[in-house]
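# Overview (structure and organization)
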Number of protein chains: 2
Amino acid sequence: MLTYSFSERKGESLYEYLYSRIKEDILSGRLKAGEKLPSKRSLAENLSISTITVETAYSQLVAEGYIYSRARSGFFVAEIGERLSAATGKKSTVISEICTEEGRYVADLTANYTAKESFPFLTWSRLMRETLSEQCEELLISSPSQGIYELRKAIADYLFQFRGISVSPDRIIVGAGTEYLYGIIIQLLGRDKRYALEDPGYGKIGRIYSANGAPGVHIPYEKDCVDLDALYKSGADVLHISPSHHFPTGGVTPIGKRYELLSWAKKINGYIIEDDYDSEFRLSGRPVPPLQSIDSEGRVIYINTFSKSLTPTIRISYAVLPCELSEKYRRELGFYSCTVSTFEQTTLARFIERGCFEKHLNRMRTLYRARRDALLQCIKKHPHYDRVKIKEADSGLHFILEIATDLSDSELKIRAKEKGIKISCLSDYYYGEKADSQHKIVINYSSLSEKNTEEAVERLFEII
Amino acid sequence: MLTYSFSERKGESLYEYLYSRIKEDILSGRLKAGEKLPSKRSLAENLSISTITVETAYSQLVAEGYIYSRARSGFFVAEIGERLSAATGKKSTVISEICTEEGRYVADLTANYTAKESFPFLTWSRLMRETLSEQCEELLISSPSQGIYELRKAIADYLFQFRGISVSPDRIIVGAGTEYLYGIIIQLLGRDKRYALEDPGYGKIGRIYSANGAPGVHIPYEKDCVDLDALYKSGADVLHISPSHHFPTGGVTPIGKRYELLSWAKKINGYIIEDDYDSEFRLSGRPVPPLQSIDSEGRVIYINTFSKSLTPTIRISYAVLPCELSEKYRRELGFYSCTVSTFEQTTLARFIERGCFEKHLNRMRTLYRARRDALLQCIKKHPHYDRVKIKEADSGLHFILEIATDLSDSELKIRAKEKGIKISCLSDYYYGEKADSQHKIVINYSSLSEKNTEEAVERLFEII
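All values reported here derive from a predicted model rather than from experimental measurement.

Time to look at the packing of helix 9 (residues 178-189) of chain A against helix 10 (residues 203-211) of chain A. Helix-helix packing: each pair is described by the crossing angle between the helix axes and the interaxial distance. All names here are of chain A. Orientation of helix 9 relative to helix 10, taken along the N-to-C sense of each, is 40°, at an axis distance of 10 Å. Overall, the two elements helix 9 and helix 10 adopt an arrangement that is oblique. Between helix 9 and helix 10 lies a crossing of right-handed hand. On helix 10, the residues that touch Glu 179, Tyr 182 and Ile 186 of helix 9 are Lys 204, Ile 205, Ile 208 and Tyr 209.

Structure, rendered in structure tokens:
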């Protein structure tokens, strides 16, 4: 049985320490390829740590390819030797693999992935099996560039029922993730256009625009909307926003300002990219209608994804284009193959058509509401509750925790990391100069389970 | 029972005619939403046409969303009314849907999709089910940007065994189709580079480079390689080629010229993108080693896809990057999410690991060889065989049929279309001026079934 002394552990979390020890033993050859690792439970007992700690360490090792799991028989050491020797750049290889992985924390409050235990595997598996056994012929016909009709029809029906968006399926484009669709939209509108992004905002969006040769200009986001004066002055042609739930502030743009944004787009003959990424999870209050649904001028490109509502690991997103642009797409970019597997497109179409998606969303809303409430309660009953303020907790899967502290945001993050908690601060999401003393933590709670909520809150308060 | 008089049929094929009549009846409301269509067999009997004709018409209608199929109960009329009324741009909607679809021919010799009946649905379905039931937890962890390790490892092992390419998994990038990967490579190498493309070549590649803001320069392809002098003079930094099976000529670049290409890349410090799209289907003779496997300078980006070898409808391709570029990828583009579903990545990894992929390839090689042989035999035993020449029939899934005729290539294509045969000519694939009198038909035979081979050949000879 593997035995490690945890006394050598320094700043690392239990999980991280265990992960590192096993990894070292694999790299040094003490654990050999094919060797079976102890079961999570028995290792946990042996080391007097929780099963969850072992599980997290194992998951990380699996994700990085050091070990693999085999159904009903457990975890085994992967052939790491081959991997090391196959490459010329030996060491750097493995290191770089590791750098791209994430998640070795007790609680990761920066991750906005979906709750692990809540993907409807059984239903999905049944529908996939059904699809594969019944639709053999159609499944091998290449999907139209925009995605199969059945899926676009299902999405159109869903949008009509739940978001008040009335759109014909021929204006929908299905693609492998919103990141891919951003690239397509840049190709469609042109690199010569000036794209405006919210500041603060989701940093990845800026990187995608840059990588696609269309670096964005940044417009200050204030309270609940981008600054309209700054927008007019920016000379932008296209504005990329998330009016229903701004990331990271959580702001919701009120209806009046939505009309002002539309009138900006109309005046300059530009476009608004409405990124509605987690609108399914408005947990209380009445939803504000999407810009797309109140746009009479064909100025809004609506984008949404199944990453938040289903799982980010099936890569299915979609864009709703104004008429004019959907025709332009077919004319200029219709040569592209659809990037989503027909198998999964068909399965998802059935999943939506048969009401499974709606049911799933309801279940998830309940789950996330419970998570949020448990977390808020934990925070509120804490003796030092007077030192924090909770903001924008009603929609989407994150809120802001403002704390009274003398620490800088960087110090906050370092301390949290030492406690095994990964956090990000509002200041991380500014493109320009960052005020490093806002003390606003962005709390993504969707991946926080009942088990670690209390511990996470306890540790959070410890650092302030 | 639906009854149509085929006497009104003009230039259309039987299939196309039937398709149009049913579509009209749906659009006019004579066939109502939800109404069951007659079975393929009974409609075929009623109209005295072949079941295949009905099948093709139905497939097309399904693809376009006019009808849908339900397992074990048949075909039904879709709710087309909704679809028409949901859009503002009523008519154009449906028309544009139709324009993006393809394939209403008795034989489509331009299509290089995989044989419909030959996807291993049972095995795939079993592995997918297994994946979904066993790997629940890991499946919801976001795939690393480059793809999950298991799949990259499986691909690396496959490449080593079957293509003599030795590469560590960390240099592999999995993406949703080669088209997506071309875009990523442009982002990686930069839009300021000059990209050289083969002329003639696969037109889509040129369109993708242009859409990504890096329009290519065209280098004449002569016999079995791009013209090296022209390449040097072009000032290109990057050369995109398919040395193992050029499209559309079918040329295979011999080893000597491969070394010359590599030395070009070394001299100018540039890169070669080796698009090995159907190398699995060399049907006779010894394979020439891929450029990647003889590149000692890290100048080759190798790209391949499962579109040809498995099915284009699961979108999985991969690129093998030189060390330096794979590090650059992680540094500059590693923020991208992988575009392929983890479910399908995992399933494919198992499919390869367990030898199913190899078995499948062998089966497909046998099938395609039989198709090619049947087609060649049909051509050779035709009374007018003296009027044609067959070229480059040994590798990949297409060959060239040179015919003696006074017709221009455009006339050839129109006549073939009238006969229900879709063909393309070599002259279609030139970027610059096209010599419209080469009389070289590009025959993609992978989708040609036993049933329609004879008819297709008969019709082909009729037009010349």
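That shown, we press on.
Residue and element names in this part refer to chain B. Side-chain alternation along strand 11 (residues 317-320) places Ser 317 and Ala 319 on one buried face and Tyr 318 and Val 320 on a second face that is also buried. Across 4 bridges, the pairing between strand 4 (residues 172-175) and strand 11 is antiparallel. Each bridged residue has a counterpart across the sheet, and for Val 174 the counterpart in strand 11 is Tyr 318. Alignment of strand 10 (residues 300-305) against strand 11, held across 4 bridges, turns out to be antiparallel. When the bridges of strand 11 are listed, Asn 304 appears paired with Tyr 318.

Within the fold, Glu179(B) resides in helix 9 (residues 178-189). Assessed through its relative accessible area of 10%, Glu179(B) is described here as buried. Spatially, the C-alpha atom of Glu179(B) lies 9.6 Å from that of Tyr209(B), the residues being 30 residues apart in sequence. Ignoring anything within four residues of it in the chain, the contact list for Glu179(B) reads Phe335(A), Tyr336(A), Ser337(A), Lys204(B) and Ile208(B).

Once that is clear, we can look at the interface of chain A and chain B. Residue-level contacts link 84 residues of chain A with 86 residues of chain B. Here chain A meets chain B over a buried area of about 7100 Å², counting both sides, of which 56% is carbon and sulfur. Of all residues in chain A, Leu140(A), Thr313(A) and Phe335(A) bury the most surface against chain B, accounting for 10% of the area lost on that side. In this structure, the connection of chain A to chain B is made through 0 salt bridges. Our count for the contact surface shared by chain A and chain B stands at 22 residue pairs in polar contact (both at pLDDT 80 or more). Looking at the side of chain A that touches chain B element by element, the count peaks at 7 residues for helix 6 (residues 121-134) of chain A.

All right, on to the packing of aromatic side chains then. Residues and elements named next belong to chain B. All chains considered together, the criterion is met by 41 aromatic pairs over all chains. Between Trp 124 and Phe 351, the ring centres sit 5.6 Å apart and the planes meet at 65°, which makes this aromatic pair edge-to-face. One end of the pair, Trp 124, is in helix 6 (residues 121-134); the other, Phe 351, is in helix 14 (residues 342-353), with 227 residues separating them in the sequence. The exposure class of Phe 351 is buried, given its relative accessible area of 1%.

Residue and element names in this part refer to chain B. The strand order across the open sheet built from 4 strands is 12-13-16-15, with neighbouring strands paired in antiparallel fashion. Because the sheet does not close on itself, it has two edges, and the strands there are strand 12 (388-391) and strand 15 (424-425). By the bridge criterion, 2 bridges tie strand 15 to strand 16 (residues 440-444) in an arrangement that is antiparallel. What sits directly across from Cys 425, in strand 16, is Ile 441. Against the sheet, helix 15 (residues 356-380) contacts strand 12, strand 13 (398-403) and strand 16, and its axis sits at roughly 10° relative to strand 13.

When a protein is soluble and globular, its nonpolar side chains tend to lie buried together. Trp124(A), Phe343(A), Trp124(B) and Phe343(B) are the most contacted members of the largest nonpolar core, which has 138 residues in total. Apart from residues no more than four positions distant in its own chain, Phe343(A) is found in contact with Met128(A), Thr131(A), Leu132(A), Leu139(A), Leu140(A), Phe119(B), Phe121(B), Trp124(B), Thr311(B), Thr313(B), Ile314(B) and Glu344(B). One finds Leu189(A), Ile185(B), Ile205(B) and Leu321(B) within the second-largest nonpolar core, a separate group that totals 56 residues.

Bringing the domain arrangement of chain A into the picture now. All names here are of chain A. Domain parsing of chain A yields domain 1 (6-79), domain 2 (107-115 + 359-462) and domain 3 (121-354). The gap between the C-alpha centroids of domain 2 and domain 3 is 27 Å. Taken residue by residue, the interface counts 25 residues in domain 2 and 34 residues in domain 3. Regarding the contact of domain 2 and domain 3, the summed buried area is about 2500 Å², with carbon and sulfur atoms giving 58% of it.

Because an α-helix completes one turn every 3.6 residues, residues spaced three or four positions apart along the sequence face the same direction. Residue and element names in this part refer to chain B. Looking at helix 2 (residues 40-47), one finds that the buried residues are Leu 43, Ala 44 and Leu 47. Seen along its axis, helix 2 keeps its buried residues to an arc of 100°; they face one direction. Seen from the buried face of helix 2, the exposed residues on the opposite side, beyond 90 degrees, are Arg 41 and Glu 45. Downstream of helix 2 by one or two residues, Ser 48 has phi in the positive range, about 55°.

Residue and element names in this part refer to chain B. Within the open sheet, the 8 strands sit side by side as 4-11-10-9-8-5-6-7. Their pairing is mixed. Each edge of the open sheet is held by one strand with a lone partner, namely strand 4 and strand 7 (225-226). Here strand 9 (residues 271-275) pairs with strand 10 via 4 bridges, running parallel. Residue pairing for strand 10: Ile 272 is matched across the bridge by Val 300. Packing against the sheet, helix 9 makes contact with strand 4, strand 5 (195-199), strand 8 (238-241), strand 9, strand 10 and strand 11, and its axis sits at approximately 160° to strand 10.

Our focus in this paragraph is the relation of the copies chain A and chain B. Screw-axis analysis of chain A against chain B gives a translation of 0.0 Å along the axis, an RMSD of 0.1 Å, and a rotation angle of 180°. The two molecules are tied by a two-fold rotation axis, judged by turn and shift. Residue by residue, 100% of the interface of chain A is reproduced at the interface of chain B, so both copies engage with the same surface.

All names here are of chain A. For helix 8 (residues 149-163), with 15 residues, the first-to-last C-alpha span of 20 Å sits near the 21 Å given by 1.5 Å per residue. Looking at helix 8, one finds that the buried residues are Tyr 149, Leu 151, Arg 152, Lys 153, Ala 154, Ile 155, Ala 156, Tyr 158, Leu 159 and Arg 163. Directly beyond the C-terminal end of helix 8, a positive phi value near 65° is found at Gly 164.

This part covers the pattern of salt bridges. Residue and element names in this part refer to chain A. One pass over the structure, following the stated rule, counts 40 salt bridges over all chains. When the shortest N-O distance is used, the salt bridge between Arg 21 and Glu 24 registers 2.7 Å. A residue pair is termed a helical-turn pair when its members lie 3 or 4 positions apart in one helix, as Arg 21 and Glu 24 do in helix 1 (residues 14-28) at 3 residues. Look at Arg 21 and you get buried, because its relative accessible area is 16%.

It is worth spelling out the pairing of strand 13 of chain B at this point. Side-chain direction in a regular strand flips from residue to residue, so the side chains alternate between the two faces of the sheet. Residue and element names in this part refer to chain B. Of all 6 residues in strand 13, 5 are buried, a share of seventy percent or more. Note that strand 12 and strand 13 share 4 bridges and pair antiparallel. Across the sheet, the residue bridging to Ile 390 is Leu 401, located in strand 13. The loop that links strand 12 with its antiparallel partner strand 13 comprises 6 residues; one of these, Glu 392, has a positive phi angle of about 55°. Here strand 13 runs beside strand 16; their pairing, made up of 5 bridges, is antiparallel. Bridge pairing in strand 16 places Leu 401 opposite Ile 441.

Attention now goes to a positive patch on the surface. A contiguous patch of positive charge on the surface is contributed by Arg126(A), Arg129(A), Lys359(A), Arg126(B), Arg129(B) and Lys359(B). Counting residues per element, the ones that place at least two in the positive patch are helix 6 of chain A together with helix 6 of chain B. Inspection of the secondary structure assignment puts Lys359(A) in helix 15 (residues 356-380). Residue class for Lys359(A) comes out exposed when judged on its relative accessible area of 62%.

What counts and how
- Residues numbered from 1 in each chain as written.
- Chains lettered and ligands numbered in written order.
- Predicted model: local features only at pLDDT ≥ 70, side-chain atom pairs only at ≥ 80, totals over all residues.
- Heavy atoms only, no water.
- Axes fitted to C-alpha atoms, helices over the stretch in contact; angles between N-to-C directions.
- Helix = DSSP H or I, 4+ residues; strand = E, 2+ residues; numbered from the N terminus.
- Parallel < 35°, antiparallel > 145°, perpendicular 65-115°, else oblique.
- Left-handed = near helix turned anticlockwise from the far one by under 90°.
- Contact = heavy atoms within 4.5 Å.
- Buried < 20%, exposed > 50% of the residue type's maximum accessible area, 1.4 Å probe, protein only.
- Pairing = 2+ DSSP bridges.
- Buried area = accessible area lost by both parts, 1.4 Å probe.
- Salt bridge = Lys/Arg side-chain N within 4 Å of Asp/Glu carboxyl O.
- Polar contact = N/O pair within 3.5 Å; in protein donor to acceptor, adjacent residues only side chain to side chain.
- Phe/Tyr/Trp six-rings, centres within 6.5 Å; stacked < 30°, edge-to-face > 60°.
- Core = buried A, V, L, I, M, F, W, Y, C linked by side-chain atoms within 4.5 Å.
- Domains from an automatic or database assignment.
- Arc of directions from axis to C-beta.
- Least-squares fit on C-alpha atoms with pLDDT ≥ 70 in both.
- Expected span 1.5 Å × (residues − 1).
- Patch = residues over 30% accessible without salt bridge, like charges linked within 9 Å, V, L, I, M, F, W, Y side chains within 5 Å.
- Areas by Shrake-Rupley, 256 points an atom, 1.4 Å probe, with all protein chains shown as cover.
- Lys, Arg positive; Asp, Glu negative; His and termini not counted.
- Charge placed at Lys NZ, Arg CZ, Asp CG, Glu CD.

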